[in-house]
Amino acid sequence: MDLAAHYNQLFTESSKAILDNNYVIDTKIDAKNDNRFGITLLIRPPESIKNKIQSFLNELKKENSTQYYYPNSDMHITVLSIISCYDGFRLNQINPEAYIAIIQENLSAIQDLEINFKGITTSNSTIMIQGFPTNDSLNLFRDLLRKAFQNSSLEQSIDSRYTLFTAHISVCRFKKAINNTEKLISLLEKYRKTDFGKFEVKEIELVYNDWYQKKEKTQIINPFIV
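Described below are features of the structure shown in this document. (Residues numbered from 1 in each chain as written. Predicted model: local features only at pLDDT ≥ 70, side-chain atom pairs only at ≥ 80, totals over all residues. Heavy atoms only, no water.)

## Structural notes on empty space enclosed by the protein
Leftover empty space is mapped by rolling, across the atoms, a probe with the size of a water molecule. To keep things clear, this is the line we draw: Put plainly, a pocket is an open set of points on a 1 Å grid over the protein atoms alone with protein on both sides within 12 Å along at least five of seven lines, a cavity is a set where a 1.4 Å probe fits but cannot get out, and a lining residue has an atom within 4 Å of a point. Grid points are joined across faces, edges and corners, and a volume is the space filled by probe spheres set on the points. Polar here means any residue other than Ala, Val, Leu, Ile, Met, Phe, Trp, Tyr, Cys and Pro, which are nonpolar, and Asp, Glu, Lys and Arg, which are charged; Gly is therefore polar.
Here the structure, examined in full by the defined rule, presents one cavity of 30 Å³ or more. Roughly 30 Å³ of internal volume is contained in the largest cavity. Lining the largest cavity are L60, N64, Q67, Y69, I127, C172, F174, I178 and L184. Across the lining of the largest cavity, the residue classes break down as seven nonpolar, two polar and no charged.

## Description of the sheet that holds strand β1 (residues 36-43)
Threshold: The criterion for strand pairing is that DSSP finds at least two bridges linking the strands in question. What counts as a helix is a DSSP run of H or I of at least four residues, what counts as a strand is a run of E of at least two, and both are numbered from the N terminus. Only the contacting stretch of a helix is used when fitting its axis, a line to C-alpha atoms as for every element, and angles between N-to-C directions run 0 to 180 degrees. Residue contacts are counted whenever heavy atoms from the two residues lie within 4.5 Å of one another.
A sheet is described by the order of its strands in space; here four strands give the open sequence β3-β1-β8-β9, paired in antiparallel fashion. Looking at strand neighbours, the two that pair on one side only are β3 (77-87) and β9 (219-225), the edges of this open sheet. Strand after strand, the sheet turns through a mean of 10° between neighbouring axes, direction not considered. Where strand β8 (residues 203-210) and β9 come together, six bridges link them in antiparallel fashion. Looking at β9, one finds that I204 is bridged to F224. Contacts between helix α3 (residues 96-106) and the sheet are confined to β1, β3, β8 and β9, with β9 contributing the most and set at about 25° to the helix.

## Here we look at the packing of aromatic side chains
Two numbers describe a pair of aromatic rings. These are the distance of the centres and the angle of the planes. As a reminder, the rule being used: Stacked, tilted and edge-to-face are the three classes applied to pairs of Phe, Tyr and Trp rings, where Trp contributes its six-membered ring and a pair requires centres within 6.5 Å; stacked means planes under 30 degrees apart, edge-to-face means over 60, and tilted covers the rest. Note on classification: 1.4 Å probe, protein chains only; a residue is buried when its accessible area is under 20% of the maximum for its type, exposed when over 50%, partly exposed between these limits.
The tally for this structure, following the rule as stated, stands at 11 aromatic pairs. Judged by centre distance (4.7 Å) and plane angle (55°), the rings of F56 and Y191 are tilted. Of this pair, F56 sits in helix α2 (residues 47-63) while Y191 sits in the loop between α5 (181-190) and β7 (195-200), and the two are 135 residues apart along the sequence. For the pair F56 and Y191, a shared accessibility class is recorded, and that class is buried. Plain terms: the ring middles of F117 and F199 are 6.1 Å apart, the flat faces sit at 10° to each other, and that makes the pair stacked. One end of the pair, F117, is in strand β4 (residues 114-122); the other, F199, is in strand β7, with 82 residues separating them in the sequence. Judged on exposure class, the residue F117 and its partner F199 are both buried. Among the aromatic residues, those joined into a ring-pair cluster are F37, Y86, F89 and Y208.

Here it is, written out as structure tokens:
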């Protein structure tokens, strides 16, 4: 699929929904009793890119300080949500080594992967940085893992929410009413083509995580060098 076209369509549809006040507020972000956990394979961008993103977020905060903004420590690109977060899941319910083995067996599919972060888009609940891989190896890797896990007896829920093919970074979630939807969309339009930088993927992490990938609730299971 054409990623640029996908991001553009997402922005067009979601900005209209936001302007019509049909956006979704996440009521669980600050919940103390949120027990949704899972395991995720992810990529972390370098600090240089995160810092550029924070400059953008600082602009958003001037008008909408009450929303949930991701700190640098929590920013990531999801490769695959292997076990999507659900209430009560704990790491001791699975054998992590079995998951590590499958990932390691297919890791060579990642070849000379760079991701270029240019522009922003939004859903009706989340603002995202647009990521563009420079080759097809990320989605090839995803497809190999999908088949490998489907052919195993391991617990997994890959693609249970949606089929992942993008390389975006979620940076803001709506947790309160938006102060001024027109001002927000106008500001987002300003950053639609901003260059946030490019980096070569050298490491992938398998983590045990909560719904928001908060650092204090995330445990690295295994890092993989690519």
